[in-house]
Amino acid sequence: MIGTVTPASKMAEGVPAVVSSRFGVPDGHTLAGYTSSGSYKGYEALRQVLEMSPAQVGSVVKDATVLGRGGAGFPAGVKWGFCPPGVWPRYIVVNGDESEPGTYKDRLLMERDPHQLIEGCLIAAYAIGAAQVFLYARGEMPHAHERLAAALNEAYAAGLIGKNILGTDFSVDIVLHWGAGAYIVGEETALIESLEGNRGMPRLKPPFFPAAKGLYMAPTIVNNVETLANLPWLFNHGVEQYRSVGTEASPGTRLIALSGHVNNPGIFEIPQGTTTFRDLFESEIYGNGIRTGHELKMFIPGGASAPWFFPEQIDLPLEGRLIGGQGSMLGSGAVVVMDETTDAVRAALRLVRFFARESCGKCTPCREGTTWEEKILQRILDGHGRPSDIDLLLDVADNISPGPYPVAADPGNDLEAIPFPPRQTTICPLGPSSVAPITSAIRRFRHEFEAKIVQRDLISVSSEPFTDLPEQSSLAHGAVGHV
Amino acid sequence: MSEKPRKIEITDPVTITVDGREVTAQNGELLIDACERNDAYIPRFCYHPRMNPVGMCRMCLVEVDTGRGPALQPSCMIPVAAEMVVDTKNEQVSKAQDGILEFLLANHPLDCPVCDKGGECPLQDQTMAYGPGESRWVEEKRHYEKPIAISETVYLDRERCILCDRCTRFAKDVAGDPLIHFIDRGSNTEIATFPDEPFSSYFSGNTVQICPVGALTAKPYRFRARPWDLEEVESTCTGCSVGCRITVQSSRNQVLRFQGVDSDPVNWSWLCDKGRFGFEAINSEERLAEPLMLSSDGTLSPARWAEALNAAADAIRAADPTSVAVIGGAQLTNESQYAWAKFAKGIIGTDHVDAQLGDGLAAEVVLGLPGATIDQVCAPGSTVLYMGPDPKEELSVLYIRLKHAAQEDGVQIIELSPAASGLSPYASASLHYRPADLPKLVEALLAGELPDQGLPGIDAAEFTKASQALLAAEQNLHVVIGRANLAESADCVAVAASAVHQALPGATFLSGLRRANLRGALEAGLTPGMLPGRSSLAEHGQAWKELWGSVPSTAGMDTTQILQAAAASKIDVLILLGADPLADFADRSLARRGVAGARTVISLDRFLTASTRQADIVFPIAGFAECEGTHTNLEGRVTRLNQKVTPPGTARTDWMIAAELAALLGKDLGVERDAQELWDEFTAHSAVHAGVSSAALDHPDAADGLLLDLGPRPFVTPVAPHVAPQSSYSLRLIVNRTLYDQGTEIHHCDSSSGLAPAASVRLSPADATPLGAEDGTQVTVSSPQGSITAALVIDSGVPKGSAVLRHNLEGADPGLLIDSADVVCEIRVEVS
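Note that the structure is predicted; figures quoted are calculated from it, not measured.

Now for the overall build of chain B. A tally of helices and strands in chain B yields 25 helices and 36 strands. The C-alpha atoms of chain B give 28 Å as radius of gyration, which agrees with the globular expectation for 832 residues (28 Å, within 12%). The dimensions of chain B, computed from C-alpha atoms along their principal axes, are 85 × 65 × 50 Å. The buried share among the 832 residues of chain B stands at 58%. Summarising the internal contacts of chain B: among those between residues at least 6 apart in sequence, 71% fall at separations of at least 24.

Right under this line is the structure:
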């Protein structure tokens, strides 16, 4: 399921393996493996950092422009600076609740190189003066949990975590917390609620910006696993080398989880901003081509909540701001490829169903709207669609995310891209994310919806299953055929 | 919705633009309130002005521009800032609001015609005002079993629920009983209790009132009326002395519901369930509807009013004034209290009048100490020295206010109590003293150090924390006093309060005495040695003599002394004003001997009680919602009580009976038409009542009532009671109350009568272990007075060396152990 793991040797030429250098090392997850293999020597960066001032550490991260790898792509060094001065205690929360369909990069980082993450946590904790680090790992990743727990024990035993780390005055604890299985807890304020022992539901920002009012209402920096995993390499090799890969605005590498209809799905560490989707799909070291004998129909560039891209967008580089301008997002780096065998309506349903199931239930539009979207799509697929359902879907979607929704350009129909992000009537973007597959699919493949819809308005609004009405039922199936 | 934005004083005005108009708002207040106050009401479901906002329903989305372009924002979460531009009605806002309503209605059943909420339903009302009119939802709606009981009184219909988080937030944040919560996710989210743990909160009824749909309904009101058939008047709950404002709603001359009114200085719209559902007692079929007299066969039989009044007047006329005694009166209106004070002291000429049943505090302490209001006690910056009863059990809405003060406003509570209470979790320091040690503890706290030998059960670190907080408080110290232990002399708390008053003269005091209008009774002079308006008989007798014609020459006896005199056959006429000493007086033996020893017992009551059954003459009286008058709460706040229904049968208001008896004795009580004449006479002659005249109470600004003058009066410092050295009886008894007990009122409420807990003996683990007893073991508690048996509950909230019994529960009567002559009650506990 996790596909191929790219060993360091299969990196593109001249590109260092910043975070994935131990993915292929059998004991890379142990302290011994971490200090003896990979693209740098483990815990060396920590030793260096402890000789610097916290402010110096922060400015290195800022100068390197380490972008957040969780989805929003916000520079980590800048985020660290948002802690109100003089307010203590502060916390670091590591967001390891990765659970969007198609996204599985953090899982590998936690399973295969837990010490790299721990060292990143320690560097960040030192930089902001955190009293404690909370490592929140997704509940469905028991293997990651075991590896992290074992690595933490080793690191504690080696004096790398806890009181007076490496004989210095620096002390910090790292607490491993196992999630209970909710996608929404990947949203940072919901994650904080969950850590506090509450039901995972997002808080409104403002006033609850975690950097100011986070965990236990104290300043809290929430960082993604991959973001922190970048730090040991950065401090071993320096800002200049870090910035030598990728682009000016998006330096370094990032992990891409490639799945779907390619010959070689898997996790790949690619240079940020310079690799195009075409490279990713076709290069031998990455996807190795669309499934043989098939052609690309559409792809999701950044996880289930990203609006879809189509063959026209294949030459765009994987760069956050650029993709945002083209109507989608790079998000958490999950690219899902769909070839021409994919039913657009069914694909939309699968994605919408995920959001409907994972809605936390807090905001009315998301709680009720995502389920409504799912029911309409299911009904269309079941052959009980009505012509008015397409507009209904779009309007329900509009009530969750009002106004023009981000979508890719469609040059064939002279339609321009609408840039990211969408607007929302909800607290967090989960509900509005459910709109992405709907607007993407309807704008491009409206004919597929229409083909599944009976070409007459059913006057009946009976809530009884239509299958009880043989005449209508056969009509419906006759018009649509098997779906 | 019925909730109104909280009244605020604008201290930091900013100008914002609402729908094109420039308006003034308080900087930082919530936009939803600022708009409503400026005539731009924003629809909402989850927002409640007395709870922290959650931004859950999204109905209050408006377009807000803070300089970065307009965006839809939930106005319940947005603090007002200068130059904010708000549009509450434009096309985008309307579209969003229409969308939210359509979403909410998608799964909401259209059973309005059979729904109790129909007609007063925020969802119904806002659908009419804002909704799109038609739904496009053609799918199957959600289905759940409907309704399910989540407690003995509250039912939940999950199909109607719109998941606004009001009930759950209330339970967790306001009541502190987080017994209901969301389970499951997305559109399958539902409200649920924890397995085998019902929503048995003392405050559960509030969730029914604040539910914006008909999802939560309460057993006492289900299917009883439609909102449009209800008539209502505002009044004050007389379930306890807090004085929560309510509306009394009735249909066809029957009271059907009480709803909390948001009185800013008192109850903030919250009620306890005992108060909320207490209306059931009004409608009880066991209400007395005609006078009763002891007939020749020894039973109480119906009598005509003239017969009963003549018999009572004859008995009073025949008795020496000093052999007439009056017990009770705390449930009466201020007017009836004044009438009875005047009748007893001015006309009969006896000062043996006591509204308290040995479970209160001396009137001169309550009325003499400088007074504090609930708002002052709970204001940010306040430090509270709490020496009262468990507020959650006895003064439930005061508990809500104190909890809020501690949790939200940083108020420091120093709790001194014999055992852990519902307030303990919110106290910044909690000291549990051995019964009778309170004066010593307070003395030590004021001195800043524990005596060398320490005090039993007092932790040194906690003591230091408490002492430092107490001594740092200065002008912001507020002291709540009351009876945390009925088995301990009232002098203990009086001495402690007096010590605080002398050491820290800036401290003010709130008396947490439970009986509804006890404060009013004391103010009216229904207490020995005092006359109305905090006048002492000795010093101000002359002024009232001029008005009344006569006043007693010497101070009379209190309830304990009256019962002792009666037991010695020295009381000819004992008048019980709604009092039931046989159930309520702590020393059961003395109560029995006293009531039996009085030659003639005259009772004014709404029900046949243990004491009423011993009476010779019983007058049925009009109770709450059946008469007009005023009420004084524990702060000294006077509010109007209004009549909504007629009393049963020929029952009359208490003051009428006093007036009739006075006439039969050839005297004039000075009242011809209505109770207001009594109030006018009272307020005209009492300096402390100068500001609460009828005219002042009728002023529109007096909706929350008016405070009496709370300034201090000189009083004699009580003498510390002498406690005999510990006897061979090893434990000291604590007797306290639970909200639900076998009290007359609650006994006649169908929904609440079964909620009283079983009697138990509560011991600390340290005292239970040596007995070899565990939870549920039957143990016998003995004192020199007697012994009782009940099941043991091991309770870590009880300190070592003490045992807790509850007052007035079925199965074990601590009154059998208590000798009212003792300062403390020493007991022995053994496995039965």
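After presenting the structure, the write-up continues.
Our next topic: the sheet that holds strand β13 (residues 254–260) of chain B. Pairing between sheet strands relies on hydrogen bonds along the backbone, with the strands arranged either parallel or antiparallel. Residues and elements named next belong to chain B. Reading across the sheet, the three strands line up as β11-β12-β13 and stay open at both edges, with antiparallel pairing between neighbours. Looking at the sheet topology across the chains shown, the edges are occupied by β11 (231–236) and β13. Sheet twist, expressed as the average angle between the axes of neighbouring strands with direction ignored, equals 30°. Of the pairings in the sheet, the one linking β11 to strand β12 (residues 245–251) comprises six bridges and is antiparallel in character. Note on β12: the bridge partner recorded for serine 235 is isoleucine 246.

Across the boundary between the two partners, chain A contributes 27 residues, which contact 26 residues of chain B. Among the elements that take part in the side of chain A that touches chain B, helix α14 (residues 364–381) of chain A stands out by supplying nine residues, more than any other. The residue inventory of the side of chain A that touches chain B, partitioned by class, reads ten nonpolar, ten polar and seven charged.

This part covers the domain arrangement of chain B. All names here are of chain B. As assigned here, chain B comprises domain 1 (13–89), domain 2 (293–359 + 539–635 + 648–675), domain 3 (364–511) and domain 4 (731–831). Centre-to-centre separation of domain 2 and domain 4, based on C-alpha positions: 32 Å. Every contact between the two is made by eleven residues of domain 2 and, on the other side, eleven residues of domain 4. The element that contributes the greatest number of residues to the side of domain 2 that touches domain 4 is helix α20 (residues 588–597), accounting for three residues.

Moving on: the sheet that holds strand β27 (residues 617–620) of chain B. All names here are of chain B. Spatial ordering of the open sheet is given by β15-β14-β27-β26-β25-β16-β17, a layout of seven strands whose pairing is mixed. On the outer flanks of this sheet lie β15 (300–302) and β17 (353–354), each paired with one strand and no other. Direction of pairing for strand β14 (residues 292–294) relative to β27: antiparallel, over a ladder of two bridges. Residue pairing across strands places methionine 293 opposite isoleucine 617, the latter belonging to β27. Each of β16 (324–328), β17 and β25 (573–577) touches helix α18 (residues 559–567); the most contacted strand, β16, lies at about 135° to it.

This chain's UniProt record puts "domain: 4Fe-4S His(Cys)3-ligated-type" (unreviewed entry) on residues 92–131 of chain B. Regarding residues 92–131 of chain B, the helix share stands at 60% and the strand share at 0%, and the terminal C-alpha atoms are separated by 14 Å.

UniProt tags residues 230–286 of chain B as "domain: 4Fe-4S Mo/W bis-MGD-type" (unreviewed entry). Helix makes up 7% of residues 230–286 of chain B and strand 35%, whereas the separation of the span's terminal C-alpha atoms amounts to 24 Å.

All names here are of chain A. Domains assigned within chain A are domain 1 (17–238), domain 2 (245–339) and domain 3 (344–480). Taking only C-alpha atoms into account, the centre of domain 1 sits 38 Å from that of domain 3. With ten residues of domain 1 in contact, the opposing surface of domain 3 contributes seven residues. For the side of domain 1 that touches domain 3, a count of residues per class yields eight nonpolar, one polar and one charged.

Each value, and the rule that gives it
Residues numbered from 1 in each chain as written. Chains lettered and ligands numbered in written order. Predicted model: local features only at pLDDT ≥ 70, side-chain atom pairs only at ≥ 80, totals over all residues. Helix = DSSP H or I, 4+ residues; strand = E, 2+ residues; numbered from the N terminus. Rg over C-alpha atoms; globule rule 2.2 N^0.38 Å. Buried ≥ 20, exposed ≤ 12 C-beta atoms within 10 Å, placed from the backbone. Contact = placed C-beta atoms within 7 Å. Pairing = 2+ DSSP bridges. Axes fitted to C-alpha atoms, helices over the stretch in contact; angles between N-to-C directions. Nonpolar A, V, L, I, M, F, W, Y, C, P; charged D, E, K, R; others polar. Domains from an automatic or database assignment. UniProt positions renumbered as here; feature names shortened; annotations may be inferred.

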